[in-house]
Amino acid sequence: MESLDVAENLSSLSGMVFKIDQNEFGLLVDQNGTSYLNDTNVTMDPNRTYYIFESVYPSTYSIPEIVVASVVVIMLMIVVVVGNMLVIIAIVTEKALKNVQNWFIASLAVADFFLGIIVMPFSLANELMGYWIFGDWWCDIHAALDVLLCTASIMNLCLIALDRYWSITQAVDYLKKRTPARAMVMIGFVWIFSGVICIPPLLGWKVKRIPERYPKCQVRFSII
């Protein structure tokens, strides 16, 4: 009966980790299963039994939290990808929607579509696992795409807002000036500006990563 209680207590502590040393993570629980230790310098009672359980991932999420977060975020990704894909298809195929003002919406949908299908899955894995498992090369690409698509999404929203504002405040003059060529220039500026922001780390302007067992995908700009 006592061993069953211990097992139940240990399972309730699942996911709570501490550093065994610089590269190791685990769960240290005493024989009563009522507490865990997160300091390797603590003095342990030699008359008590302690259990060390190595954690699968160096994150503080429990298995139920990982499952719930995965389901919620995956559903969100499906909504983002499918929703924006339908918007793009509608604007491209429906003649009534092929007008200049909807080009800005299509540009926003493209940014959000690729954000949901390329960036979000790897960000979810990185968050739940607590470290980056996909290698340095893909970390650089992923971080660049994250910056590119997020910046483009925000700037497309600003472009849509400006387009609506000018359409109301300068209805006649602006609608005459809003030609397809000018709209393409505005959309092109959004994507070029977003690309300029994300390119420097790919060209080497970043802090060199130190090899470690549980690497982090954090692109930091080098001052020098």
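Residues numbered from 1 in each chain as written. Predicted model: local features only at pLDDT ≥ 70, side-chain atom pairs only at ≥ 80, totals over all residues. Heavy atoms only, no water.

**Digging into a nonpolar patch on the surface**
Taken together, the side chains of Ile74, Ile78, Val82, Met85, Leu86 and Ile89 define a hydrophobic patch exposed on the protein surface, amounting to about 500 Å² of accessible area. Relative to the elements of secondary structure, isoleucine 78 occurs in helix α2 (residues 63-93). Accessibility expressed as a relative area gives 49% for isoleucine 78, which makes it partly exposed. (Patch = residues over 30% accessible without salt bridge, like charges linked within 9 Å, V, L, I, M, F, W, Y side chains within 5 Å. Areas by Shrake-Rupley, 256 points an atom, 1.4 Å probe, with all protein chains shown as cover. Salt bridge = Lys/Arg side-chain N within 4 Å of Asp/Glu carboxyl O. Helix = DSSP H or I, 4+ residues; strand = E, 2+ residues; numbered from the N terminus. Buried < 20%, exposed > 50% of the residue type's maximum accessible area, 1.4 Å probe, protein only.)

**Section: helix α3 (residues 100-129)**
Helical geometry note: an α-helix holds 3.6 residues per turn, so side chains three or four residues apart project in the same direction. Between its terminal C-alpha atoms α3 stretches 44 Å, which fits the 44 Å expected from 30 residues at 1.5 Å a residue. Taking the largest bend as the criterion, α3 deviates by roughly 40°, centred on valine 119, and proline proline 121 comes between one and four positions later. Of the residues flanking the end of α3, it is glycine 130, one or two places downstream, whose phi is positive at about 90°. (Expected span 1.5 Å × (residues − 1). Bend = angle between axes of the 7 residues up to and from the residue.)

**What about the pattern of salt bridges?**
Following the criterion strictly, the structure yields two salt bridges and no others. For aspartate 163, the salt bridge identified is with arginine 164, shortest N-O distance 3.1 Å. Of the residues examined, arginine 164 reaches a relative accessible area of 36% and is grouped as partly exposed. Across the salt bridge formed by aspartate 163 and arginine 178, the nearest N and O atoms sit 3.0 Å from each other. Of this pair, aspartate 163 sits in helix α4 (residues 136-169) while arginine 178 sits in the loop between α5 (171-177) and α6 (180-202), and the two are 15 residues apart along the sequence. Accessibility assignment for this pair places aspartate 163 and arginine 178 in one class, buried. Beyond isolated ion pairs, a larger network of salt bridges with shared partners links Asp163, Arg164 and Arg178.

**Topic: the packing of aromatic side chains**
In total, this model carries seven aromatic pairs according to the counting rule given. Geometrically, the ring pair formed by phenylalanine 113 and phenylalanine 114 is edge-to-face, given 5.2 Å between the ring centres and 80° between the ring planes. Under the relative-accessibility criterion, phenylalanine 114 is labelled partly exposed at 35%. On the basis of an interplanar angle of 75° and a centroid distance of 5.0 Å, the ring pair of tryptophan 132 and phenylalanine 134 is categorised as edge-to-face. Looking at tryptophan 132, the relative accessible area reads 4%, which means it is buried. Put simply, the rings of Phe122, Trp132, Phe134, Trp137 and Trp138 touch in pairs and so form one group of aromatic residues. (Phe/Tyr/Trp six-rings, centres within 6.5 Å; stacked < 30°, edge-to-face > 60°.)

**As for the confidence of the model for the protein chain**
Across the protein chain, the average pLDDT comes to 77, with 69% of residues at or above 70. Note on residues 1-42: pLDDT under 50 across the span, and 80 contacts to partners over four residues away in sequence or across chains. Residue range residues 50-55 is modelled with pLDDT below 50. Its contacts to residues more than four positions away, or to other chains, number 24 contacts. (pLDDT = per-residue confidence, 0-100. Contact = heavy atoms within 4.5 Å.)

**Considering the packing of α4 against α6**
With their axes 8 Å apart at the nearest point, α4 and α6 run at an angle of 155° to one another. Judged on the interaxial angle alone, α6 and α4 are roughly antiparallel. Crossing geometry of α4 relative to α6 is assigned as right-handed. Taken together, the residues of α6 that come into contact with α4 (itself represented by Asp140, Ile141, Ala144, Val147, Leu148, Leu149, Thr151, Ala152, Met155, Asn156, Leu159 and Trp166) are Met186, Ile187, Phe189, Val190, Trp191, Phe193, Ser194, Gly195, Ile197, Cys198 and Leu202. Each residue belonging to the contact of α4 with α6 can be placed in one class, and the counts come to 18 nonpolar, four polar and one charged. (Axes fitted to C-alpha atoms, helices over the stretch in contact; angles between N-to-C directions. Parallel < 35°, antiparallel > 145°, perpendicular 65-115°, else oblique. Left-handed = near helix turned anticlockwise from the far one by under 90°. Nonpolar A, V, L, I, M, F, W, Y, C, P; charged D, E, K, R; others polar.)

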